Amino acid sequence: MKILVPVDGSDISTRALKHGVELARAFGKPGRLVVVVVDDTLFPGAERKMGPEAANAYHAENFARMLAPAKKLLARGKADAEFVEIAGDVAEGILETAAGHKADLIVMGSRGAGAIKGALLGSVSMKVLSDTQVPVTIVH
């Protein structure tokens, strides 16, 4: 079983990853984790002004920061995981990674923004839930 876990370095995404590790271990044959980190794209004008090298360095720094807690957790638990780094829309990056890696389950954290803020801003978890055919577990 492939379990996709999006992380962003937050406590809630680390909690979701812990849950994903537990689920992977609960299955008869150990599951495989696909840990994805998606960094929002820069505004087109900002990226042009920075240049491609600086933009790549910016994303690399963000990827390292967002993945650090996940790598630390997985190193302790010796879990089998693959890491995917994407610069783009967060929800789309998660959905594309789930489809491309043929994930059987998505385990992700909820920001807990609330119904009104979520309705106005559109949460990543709601976009993923509405646009995927894969079961999704939301960890709060």
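Only a predicted model underlies this, so the values are computations on that prediction, with no experimental measurement involved.

### Comments concerning the side chain of Ser-13
Move 1: Within the secondary structure, Ser-13 sits in helix α1 (residues 11–26).
Move 2: Here Ser-13 falls in the buried class, since its relative accessible area comes to 5%.
Move 3: Side-chain polar atoms of Ser-13 contact the backbone oxygen of Ser-10, separated by 3.1 Å.
Move 4: Among residues more than four places away in sequence, those in contact with Ser-13 are Pro-6, Val-7 and Asp-8.

### Re helix α3 (residues 52–77)
Side chains of residues three or four places apart in an α-helix project in the same direction, reflecting 3.6 residues per turn.
Move 1: The terminal C-alpha atoms of α3, which comprises 26 residues, lie 37 Å apart, in line with the 38 Å expected from a rise of 1.5 Å per residue.
Move 2: Largest kink in α3: about 45 degrees, centred on Leu-67, with the proline Pro-69 one to four residues after it.
Move 3: Of the residues making up α3, those classed as buried are Ala-55, His-59, Asn-62, Phe-63, Met-66, Leu-67, Ala-70, Leu-73 and Leu-74.
Move 4: Against α1, β2 (32–39), α2 (44–50) and β3 (81–87) lie the buried residues of α3.
Move 5: Lys-78 sits one or two residues past α3 and shows a positive phi near 50 degrees.

### Points about the packing of aromatic side chains
Move 1: Evaluated as defined, the whole model comprises 0 aromatic pairs.
Move 2: In this arrangement the basic side chain of Lys-71 is found over the ring face of Phe-83, its NZ or CZ atom lying 5.2 Å from the centre.

### Side note on helix α4 (residues 90–100)
Move 1: Within α4 the residues assigned to the buried category are Ala-91, Gly-93, Ile-94, Leu-95, Thr-97 and Ala-98.
Move 2: Residues of α4 that are buried make contact with β1 (2–6), β2, β3, β4 (105–109) and α6 (124–131).
Move 3: Taken from the residues just after α4, Lys-102 is the one with a positive phi, measuring 55 degrees.

### Overview of unusual backbone geometry
The general pattern is negative phi for most residues beyond glycine and trans for most peptide bonds.
Move 1: Backbone geometry at Lys-102 places phi at a positive 55 degrees, although glycine is not the residue there.
Move 2: Residue class for Lys-102 comes out exposed when judged on its relative accessible area of 66%.

### So, the packing of α1 against α3
Each packed pair of helices is defined by two parameters, the angle between the axes and the distance between the axes.
Move 1: As a packed pair, α1 and α3 sit with axes 10 Å apart at the nearest point and diverge in direction by 30 degrees. When the axis of α1 is compared with that of α3, the two are roughly parallel. Between α1 and α3 lies a crossing whose hand is right-handed. Counting all contacts with α1, which are made through Thr-14, Leu-17, Lys-18, Val-21 and Arg-25, the residues of α3 involved are Pro-69, Ala-70, Leu-73, Leu-74 and Gly-77.
Move 2: Here the contact of α1 with α3 is built from residues that sort into 6 nonpolar, 2 polar and 2 charged.

### Re the pattern of salt bridges
Move 1: Applying the stated criterion to the full structure yields 2 salt bridges.
Move 2: Of the charged contacts in the structure, one is a salt bridge between Asp-80 and Arg-32, with a shortest N-O distance of 2.5 Å. Of the two residues, Asp-80 is situated in the loop between α3 and β3 and Arg-32 in strand β2; the sequence distance between them amounts to 48 residues.
Move 3: We classify Asp-80 as partly exposed; its relative accessible area is 44%.

### So, the nonpolar core
Move 1: Counting residues in hydrophobic clusters, the biggest one holds 19 residues, and the most contacted among them are Ile-3, Val-5, Val-7, Leu-17, Leu-33, Val-35 and Val-107.
Move 2: Listing elements by their share of this core, those giving two or more residues are β1, α1, β2, α3 and β4.
Move 3: Ignoring sequence-local partners within four residues, the contact set of Val-107 consists of Ile-3, Leu-4, Val-5, Pro-6, Ala-16, His-19, Gly-20, Leu-23, Thr-137 and Val-139.
Move 4: Core analysis: the second largest hydrophobic core is formed by 15 residues, Ala-91, Ile-94, Leu-95 and Ala-103 among them.

Definitions and limits used
- Residues numbered from 1 in each chain as written.
- Predicted model: local features only at pLDDT ≥ 70, side-chain atom pairs only at ≥ 80, totals over all residues.
- Heavy atoms only, no water.
- Helix = DSSP H or I, 4+ residues; strand = E, 2+ residues; numbered from the N terminus.
- Buried < 20%, exposed > 50% of the residue type's maximum accessible area, 1.4 Å probe, protein only.
- Polar contact = N/O pair within 3.5 Å; in protein donor to acceptor, adjacent residues only side chain to side chain.
- Contact = heavy atoms within 4.5 Å.
- Expected span 1.5 Å × (residues − 1).
- Bend = angle between axes of the 7 residues up to and from the residue.
- Phe/Tyr/Trp six-rings, centres within 6.5 Å; stacked < 30°, edge-to-face > 60°.
- Lys NZ or Arg CZ within 6 Å of the ring centre and 35° of its normal.
- Axes fitted to C-alpha atoms, helices over the stretch in contact; angles between N-to-C directions.
- Parallel < 35°, antiparallel > 145°, perpendicular 65-115°, else oblique.
- Left-handed = near helix turned anticlockwise from the far one by under 90°.
- Nonpolar A, V, L, I, M, F, W, Y, C, P; charged D, E, K, R; others polar.
- Salt bridge = Lys/Arg side-chain N within 4 Å of Asp/Glu carboxyl O.
- Core = buried A, V, L, I, M, F, W, Y, C linked by side-chain atoms within 4.5 Å.

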